[in-house]
Amino acid sequence: MVGLSQRDVLIVVDVQNDFCPGGALGVAKGDEVVTAVNGLATRFPHVVLTQDWHKPGHLSFASSHANRTAFESMEMSYGTQILWPDHCVVDSEGAAFHRDLAIPHAELVIRKGFRPEIDSYSAFYENDRTTPTGLAGYLRERRFSRVFLAGLATDFCVHYSALDARREGFDAVVVEDACRGIDLDGSLARAWAHMLEAGVRRAYSDEVGS
């Protein structure tokens, strides 16, 4: 069992329409996390939501590059970037949170990926690994010491957020059954290996605060 305190915060990562089945970048069974996340959130007095938020023509979109297709890799100034279908475009229905996500007590929404020239998987940093979102400072000022992560997708935005939480000195727990992965060429197994190596704890929702 994992007990909870006032120094714990739940970070719900990118539970948005475009990452659910039928969306532009739908994660298989991604909508299944909604019920788990809603239930989990009732145990946390403190919750942060993240929201992918891309301007049209974003550099990470395959459509922004001639003769390129989605899921190819391309070298950018900040490193290797997977090119994605257009998704989570500012003010679009795809960028909206899933209609059944019900966390009215969430205290902060972090929008990421709004800079047109750089992608952002992590809730803490853009993909250049140096440009902060401001989340770490917020958590420190609120005196949180441990983050729990749930949402989409396990092997990308949850993964990078968990690693950066550890990098910033926070304890981190990924709630596995409240996440779903893309699993692109073995990315899910690699993500879990990286997270566990970094000291991220793996848990299930029925173990948390019950």
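Located above this text is the structure these notes cover.
What comes next concerns the included structure.

What counts and what doesn't
- Residues numbered from 1 in each chain as written.
- Predicted model: local features only at pLDDT ≥ 70, side-chain atom pairs only at ≥ 80, totals over all residues.
- Heavy atoms only, no water.
- Helix = DSSP H or I, 4+ residues; strand = E, 2+ residues; numbered from the N terminus.
- Polar contact = N/O pair within 3.5 Å; in protein donor to acceptor, adjacent residues only side chain to side chain.
- Contact = heavy atoms within 4.5 Å.
- Phe/Tyr/Trp six-rings, centres within 6.5 Å; stacked < 30°, edge-to-face > 60°.
- Buried < 20%, exposed > 50% of the residue type's maximum accessible area, 1.4 Å probe, protein only.
- Pairing = 2+ DSSP bridges.
- Axes fitted to C-alpha atoms, helices over the stretch in contact; angles between N-to-C directions.

Moving on: the side chain of Ser60. Note on placement: Ser60 falls in the loop between β2 (47-52) and β3 (73-76). Looking at Ser60, its side chain comes within polar contact range of the side chain of His58, at 2.9 Å. Discounting residues that sit within four places of it in the chain, Ser60 has contacts with Gln81, Ile82, Leu83, Trp84 and Asp119.

To continue, consider the packing of aromatic side chains. In this structure the tally under the stated criterion is seven aromatic pairs. Judged by centre distance (5.3 Å) and plane angle (90°), the ring pair of Trp84 and Phe156 falls under edge-to-face. Of this pair, Trp84 sits in the loop between β4 (79-82) and β5 (108-112) while Phe156 sits in helix α3 (residues 154-167), placing them 72 residues apart in sequence. What makes Trp84 buried here is its relative accessible area of 3%.

With that settled, consider the sheet that holds β5. With parallel pairing, the six strands of this open sheet are ordered in space as β5-β2-β1-β6-β7-β8. Strands with a single pairing partner mark the edges of an open sheet, and in this sheet they are β5 and β8 (201-203). Neighbour-to-neighbour, the strand axes of this sheet turn through a mean angle of 25°, independent of strand direction. Judged from the four bridges that link them, strand β1 (residues 8-13) and β2 form a sheet pairing that is parallel. Counterpart to Val12 in the pairing with β2 is Leu49.

Helix α1 (residues 33-41) sits mainly inside the fold: seven of its nine residues count as buried. If you check which residues of α1 are buried, you get Val33, Val34, Ala36, Val37, Asn38, Leu40 and Ala41.

This brings us to the environment of Val174. With respect to the helices and strands, Val174 occurs in strand β7 (residues 171-180). With 32 residues separating them in the primary sequence, Val174 and Arg142 have C-alpha atoms 21 Å apart. With near-sequence residues (within four places) excluded, Val174 lies in contact with Leu149, Val158, Ala162, Cys179, Trp192, Met195, Val200, Arg201, Arg202 and Ala203.

It is worth spelling out the pairing of β3 at this point. Residues of β3 alternate between two faces, with Met74 and Met76 buried on one and Ser73 and Glu75 left unburied on the opposite face. With four bridges connecting them, β3 and β4 associate as antiparallel partners. Of the residues in β4, the one forming a bridge with Glu75 is Thr80.

It is worth stressing that arrangement in space is one thing and function is another; only the former is reported here.
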